[in-house]
Amino acid sequence: MSALEMPSSGTEEVAEDSLARPQRSVDRLLAGNAWLVFAFLYLPILVLAVYSFNDNDRVGVWGGASTRWYGEMFTNARVMDALWTSITVAVVSTVIATVLGTAAALSMERYRYRGQRTFDGLLYLPVIIPDITMAVMLLLFFVQAFDLIFVATGVQLSRGVGTITLAHVAFNISFVALVVRARLSGLDGALEEAAADLYASRWQAFRRVTLPLIAPGVAGGALLALTLSLDDVVIAEFVSGAGSTTLPVYVFGALRRGVTPLINAVSVLMLGGSILLVLLSLMVSRRRDQQ
Amino acid sequence: MSTTVPPPEVDPDLADPAPPPGPGLERAAEKAESRRGFLVGLPSYAYLILFFALPLLIVVIYSFATRSIRGRTVLGGWNLDSYGRLLDDLVLDIAWRSLWIAVLTTVVCLVVSYPFAYYLATRPARIRGVLLVLVMIPFWSNLLVRTYAWRFLLSSDGPFTSFLVAIGFEDAQLLFTPTAVMIGLVYGYLPFMILPLYATIERLDHSLVEAARDLYATGWQAFWKVTWPLTRPGVIAGSILVFIPSFGAYVTPEILGGRGSTMLGSYIARQFIGTASDWPFGSALSVTILLVMMVAATAYFRSGGKNL
Amino acid sequence: MRVRWVAVLTAGALALAGCGREVGADDGGDGAAATDAAGAEDGADDGGAEQPQAVECEEGETDGDLLFYNWSDYMDPDLLTAFGEEFGVTATEDNYTSNEALLAQIRAGGADYDVIVPSDYMVAIMIEEGVLLPLDKDAVPNASNVDEAFAEPPYDPDLTYTLPYQWGTTGIGVDLEATGPDPEATWGWLFDPDMAGDLSISMLDDPRETIGAALYYLGYDPNTQSEEEIQEAADLVAEADWVTTFTSDQYPELLLTGETEIGHGYSGNILDNIYGADDPDRYAYLIPEEGATIWTDNMAILGSSQHPCTAHAFINFILDAENGAQLTNWTFYASPNAAATEFIDEEVLEDPAIYPDEDVRENLYFLENTGESEILYTDLFTRAQG
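Residues numbered from 1 in each chain as written. Chains lettered and ligands numbered in written order. Predicted model: local features only at pLDDT ≥ 70, side-chain atom pairs only at ≥ 80, totals over all residues. Heavy atoms only, no water.

Student: I keep staring at the overall build of chain B and nothing clicks. Help me out?
Tutor: Within chain B, the secondary structure is distributed over 12 helices and two strands. Reading the helices (α) and strands (β) of chain B from amino to carboxyl end gives α-β-β-α-α-α-α-α-α-α-α-α-α-α. When the 308 residues of chain B are sorted by exposure, 53% land in the buried category. Counted over contacts in chain B with a minimum sequence separation of 6, partners at least 24 positions apart contribute 64%. Surface exposure of chain B reaches about 13400 Å², of which carbon and sulfur atoms provide 67%. (Helix = DSSP H or I, 4+ residues; strand = E, 2+ residues; numbered from the N terminus. Buried < 20%, exposed > 50% of the residue type's maximum accessible area, 1.4 Å probe, protein only. Contact = heavy atoms within 4.5 Å. Areas by Shrake-Rupley, 256 points an atom, 1.4 Å probe, with all protein chains shown as cover.)

Printed below as a string of structure tokens:
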């Protein structure tokens, strides 16, 4: 944090690739604002984390320090079920979405064909659509589809882990495609053209040259998909079925029922997961910069 | 195969022997490329048609359906009643409130984020990296958890209310108000404003800014005449990224809002999984909110921003 | 391009196939109601839906895990675990917050819960809609434990579809520091600006209960079908802008943390929390004298249940004398199980808030199915909520 307090020497200290510093008084103001923003961003989370060690059922009143809520969390069947469901859905939907999203990105950036613009529009829609609308859409879709399947075959399907996964893939394809496309459009086509000449088949050219080149983009997209899937509340709430809650949906429901520090402990767990993903994505992007 | 030109030597190990040259072949090759591109994208395209376009169509269809006396949806008796209800006082109130809260959230985010992003962009590279990571962490953290943090802070036995009571506001009620919802939204979406702003500011041409400083009498003028217009794309991008989720927010108002702070998202949800049970009406609402978003997004794309 | 046309055509086909049909109308078991399309012209009236066919189960037979859909804070987790262990199945519980929300979930279809717990009037509605499975009484011998008073409920006269779970009242939880030490038992605490104006209040997120409270206050029948009366009640709710939030499960917590001073809610939940508080004498549960709702919640099996035999085993398990008592001792609601009485805690049995006296009972009313007016309650409540 001492970095932030680096005194401005009055003369403009321009580091190689940063914008010129504003004058001193303004700089002070900006710094002050920055401090406040960081405080604003972090204090609530920190307070939340601290109170997860609250040895009192009523979360707002401090009753001494204890780690019992963490113990409870790991022995609580519903929490563990929800955690398992969340992870399963996230991993499966990420894998599928990454494959489909990368294919979509390649299709958009490296080829030209009719109907591409429609596809382009379709690819962007899940990104701008509000969660609640998407949730409603998918709920109605599954209701209607299961209805028809029942009429046609007599088999009554039900919503559950499968439908949540299908739903998550639906919006994640677009996000993965977005990231990979950004990567693709920044690449020099010459390398790939050379590869096309060099290798016998397109597939080989792709595997040996294109894929490694876009790998950081693919990894970034996959991480984004993983995060979005783990974070999703609304869509999961709408399309989940009996006994198939994800962790955020569980927390959401629990919040409306009655809060104990158990929720804080679960929250800290979720935060920890997010931080892990941030660090992973950083490692990925650092490697990307190195290429 | 044309016989006017002797075929080149073909290495039998290669999978695709080079085709002999000729005008018809170029078109054939292009068509093959084109088809390949289509095929590569086909699985994703098909998936999105099935699980996105089709559901969207279904919602549109439902918005014209009827609701039986028992509250069930009947796919018949098609009508525009649900859309007519959009003009009800209550709905307009909620829509207006959602708009107002979303706009306010966006403005607050902008006012707070711009100086912050500017500060970030003017630090030396190493420090910038660290600060960026510090901003990213809340960005990637679960929105639900971050919203809960505020529910906790704003509750009656939480620190803020205690402070207000201590300085004399006896009946301070922070939770379950539109203010609480706005705080929650600002908190949730601040990073969405910071990052695009930072990206734009960071890419500013130093020489332009310096020239402006030489040119104009005050720093403020230099900022307003030069820096601000140049960073406008970032402002627009950030604003859209904050406005869209704020307008359609569901989780935040559910947790932090109460009576009198119902927003469109909660209202729509109630039509499907809550007590209201009116699918055609809920569908009409969903379609409308989607159209609003598409208008906003089109504005964004028109203004030149393509990278989110 | 072609793909898009295919999509449009498919959608069109879907729409046509669904034309005039009610969504989710076929919630029954084998072949029920698939062709029971509602008239498309008026599109308003549902015909009587076909009932799901009964299943035969042996006592104690199970056919898979239990999916239990219940009100929140309404089942002792130890009891659920005990059931799972005794029968070798996994029992999971999901929660809903009102009868209407329960119905909405069932209508949305595809959520195949086994056992649900609807209230009296909702049972009547569900029977009409044909979503409940007729019980195989052979699999539920403990049904004989049910108290006589609950043996022939008007909404399910022969207990064909349901068996009672718990019963209780809906009233008001108050913070005595805000109301004074001996508060009047009246709905005025929710609706009278002189009494409630400065207080922070929560009401149930439940159309029948909340409009019902206003109806009691106005002196009307809580089961009225008169649109004017319902509207008047809804207006009263709309004008009560001191109501901070509508919630059906947070109200005890809000009361005890001081977020609210008055909480409209159910007897057991309020009492459970009061007794567990650090300062129980600070709070009280009031049953307003203008009239209040007494209700019976019932266990029922969904027609679409995939594990009906396990469901029967569960219902039988709950109706066991000791289990029934354990349930009441945990939830603080009254038990309709006569055999359980000897195992229920003394203090629970003698608590007039849990087991109201005769004279209080005279002022208690059951909610009933109001038929076509149900939609009025729901719609006007949604408007009043804001």
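Student: How should I be thinking about the pairing of strand β4 (residues 162–175) of chain C in this particular structure?
Tutor: Remark: a regular strand shows side chains that alternate across the two faces of the sheet. Residues and elements named next belong to chain C. Counting buried positions along β4 gives 14 out of 14 residues, so the element sits mostly inside the fold. Taken together, the five bridges between β4 and strand β7 (residues 262–266) define a ladder with antiparallel strand orientation. Bridged to Val174 within β7 is Ile262. As paired strands, β4 and strand β8 (residues 283–286) are joined by four bridges and run antiparallel to one another. When the bridges of β8 are listed, Ile172 appears paired with Leu286. (Pairing = 2+ DSSP bridges.)

Student: Just to check I follow, could you spell out empty space enclosed by the protein for this structure?
Tutor: Once rolled over the atoms, a probe with the size of a water molecule shows which space is left empty. Here the structure, examined in full by the defined rule, presents 11 cavities of 30 Å³ or more. Reported here for the largest cavity is a volume of approximately 1100 Å³. Taken together, 50 residues form the lining of the largest cavity, with Glu237 and Arg256 of chain A, Tyr250 and Glu254 of chain B together with Thr97 of chain C sitting closest to its centre. Counting only elements with at least two residues in the lining of the largest cavity, the list comes to α9 (234–239) and α10 (247–257) of chain A, α10 (251–256) and α11 (264–273) of chain B together with β2 (91–96), α3 (99–107) and β6 (243–246) of chain C. The greatest single-element share of the lining of the largest cavity, amounting to seven residues, is contributed by α10 of chain A. Here the residues of the lining of the largest cavity sort into 17 nonpolar, 22 polar and 11 charged. Approximately 220 Å³ is the volume attributed to the second largest cavity. Lining the second largest cavity are 22 residues, with Trp71, Tyr266, Trp295, Asp297 and Tyr333 of chain C positioned closest to its centre. (1 Å grid on protein atoms, 1.4 Å probe; cavity = no way out; pocket = protein on both sides within 12 Å on 5 of 7 lines; lining within 4 Å. Points joined across faces, edges and corners; volume = space filled by probe spheres on them. Nonpolar A, V, L, I, M, F, W, Y, C, P; charged D, E, K, R; others polar.)

Student: Honestly, the interface of chain A and chain B in this entry has me stumped. Any pointers?
Tutor: Note: interface size is frequently given as the accessible area lost on complex formation between the parts. Counting residues at the interface gives 98 residues for chain A and 93 residues for chain B. Both faces considered, chain A and chain B share a buried interface measuring about 8800 Å² in area, 77% of it formed by carbon and sulfur atoms. The interface formed by chain A and chain B contains one salt bridge. Residue Arg123 of chain B pairs with Asp27 of chain A through a salt bridge whose shortest N-O separation is 2.7 Å. The interface formed by chain A and chain B holds 11 residue pairs in polar contact (both at pLDDT 80 or more) in total. Per element, the largest residue contribution to the side of chain A that touches chain B is 14 residues, and it comes from helix α1 (residues 24–50) of chain A. Split into classes, the residues belonging to the side of chain A that touches chain B amount to 73 nonpolar, 13 polar and 12 charged. (Buried area = accessible area lost by both parts, 1.4 Å probe. Salt bridge = Lys/Arg side-chain N within 4 Å of Asp/Glu carboxyl O. Polar contact = N/O pair within 3.5 Å; in protein donor to acceptor, adjacent residues only side chain to side chain.)

Student: Looking at this model, I keep getting lost on helix α4 (residues 116–128) of chain A. Mind explaining?
Tutor: Along an α-helix, residues three or four apart share an orientation, since each turn contains 3.6 residues. Between the first and last C-alpha of α4 of chain A there are 19 Å, a value that for 13 residues agrees with the 18 Å anticipated at 1.5 Å per step. Listed as buried for α4 of chain A are Gln116, Phe119, Asp120, Leu122, Leu123, Tyr124, Leu125, Pro126, Val127 and Ile128 of chain A. Turning to α4 of chain A, the residues buried within the fold contact α3 (77–110) and α6 (161–185) of chain A together with α1 (23–62), α9 (219–247) and α12 (279–302) of chain B. (Expected span 1.5 Å × (residues − 1).)

Student: Would you explain the interface of chain C and chain B in this entry?
Tutor: The interface is formed by 56 residues belonging to chain C together with 43 residues belonging to chain B. Both faces considered, chain C and chain B share a buried interface measuring about 4300 Å² in area, 53% of it formed by carbon and sulfur atoms. Remark: the boundary between chain C and chain B carries two salt bridges. Here Asp88 of chain B ties to Arg383 of chain C by a salt bridge, and the two come within 3.1 Å at their closest N and O atoms. The tally of links between chain C and chain B comes to 10 residue pairs in polar contact (both at pLDDT 80 or more).

Student: Is there a simple way to explain the packing of helix α5 (residues 131–153) of chain A against α1 of chain B in this structure?
Tutor: Between two packed helices, what matters for the description is the angle formed by their axes and the separation of those axes. Contact geometry for α5 of chain A and α1 of chain B: axes closest at 8 Å, N-to-C directions at 90 degrees. Put simply, α5 of chain A runs roughly perpendicular to α1 of chain B. Only Leu50, Phe51, Phe52, Leu54, Pro55, Leu56, Ile58, Val59 and Tyr62 of chain B of α1 of chain B make contact with α5 of chain A, whose side of the interface consists of Met134, Val136, Met137, Leu138, Leu140, Phe141, Phe142 and Gln144 of chain A. (Axes fitted to C-alpha atoms, helices over the stretch in contact; angles between N-to-C directions. Parallel < 35°, antiparallel > 145°, perpendicular 65-115°, else oblique.)

Student: Explanation requested: the domain arrangement of chain A in the structure shown.
Tutor: Residue and element names in this part refer to chain A. Splitting chain A by domain gives domain 1 (1–51) and domain 2 (70–290). Between domain 1 and domain 2, the C-alpha centre-to-centre distance is 35 Å. Counting from both sides, the interface comprises four residues of domain 1 and, opposite them, five residues of domain 2. Roughly 380 Å² is buried in total at the junction of domain 1 and domain 2, and carbon and sulfur atoms are behind 70% of that figure. The interface formed by domain 1 and domain 2 holds zero salt bridges in total. Viewed at the interface, domain 2 and domain 1 are joined by one residue pair in polar contact (both at pLDDT 80 or more). For the side of domain 1 that touches domain 2, a count of residues per class yields four nonpolar, no polar and no charged. (Domains from an automatic or database assignment.)

Student: Help me out: how do you make sense of the packing of α3 of chain A against α1 of chain B in this one?
Tutor: Running from N to C, α3 of chain A and α1 of chain B point in directions that differ by 135 degrees, and their axes come no closer than 8 Å. Here α3 of chain A lies oblique to α1 of chain B, going by the angle between them. The crossing of α3 of chain A and α1 of chain B is left-handed. Counted together, Leu100, Ala103, Ala104, Leu106 and Ser107 of chain A of α3 of chain A and Gly37, Val40, Gly41, Pro43, Ser44 and Tyr47 of chain B of α1 of chain B form the full contact between these two elements. Among the residues making up the contact of α3 of chain A with α1 of chain B, the classes are represented as seven nonpolar, four polar and no charged. (Left-handed = near helix turned anticlockwise from the far one by under 90°.)

Student: What is the right way to read the pattern of salt bridges from this model?
Tutor: Between side chains of opposite charge, a pair can form as their charged atoms come close. Residue and element names in this part refer to chain C. A complete count under the given rule lists 15 salt bridges over all chains for this structure. For Arg107, the salt bridge goes to Glu129, with nearest N and O atoms at 2.9 Å. In this pair, Arg107 sits in helix α3 while Glu129 sits in helix α4 (residues 120–129), placing the two residues 22 residues apart along the sequence. Assessed through its relative accessible area of 8%, Glu129 is described here as buried.

Student: What is the right way to look at α1 of chain A in this model?
Tutor: Residue and element names in this part refer to chain A. With 27 residues, α1 ought to run about 39 Å at 1.5 Å a step, and its terminal C-alpha atoms sit 37 Å apart, in line with that. Remark: the principal bend of α1, roughly 30 degrees, maps to Tyr42, with a proline, Pro44, within the next four residues. Buried within α1 are the following residues: Asp27, Leu30, Ala31, Ala34, Val37, Phe38, Leu41, Tyr42, Pro44, Ile45 and Leu48. (Bend = angle between axes of the 7 residues up to and from the residue.)

Student: Would you take a moment to explain a negative patch on the surface for this structure?
Tutor: Residue and element names in this part refer to chain C. A cluster of like negative charges, contributed by Glu232, Asp235, Glu239 and Asp241, occupies part of the molecular surface. Summarising the element assignment, Glu232 is placed in helix α9 (residues 227–239). Take Glu232: its relative accessible area is 36%, and that puts it in the partly exposed class. (Patch = residues over 30% accessible without salt bridge, like charges linked within 9 Å, V, L, I, M, F, W, Y side chains within 5 Å. Lys, Arg positive; Asp, Glu negative; His and termini not counted. Charge placed at Lys NZ, Arg CZ, Asp CG, Glu CD.)

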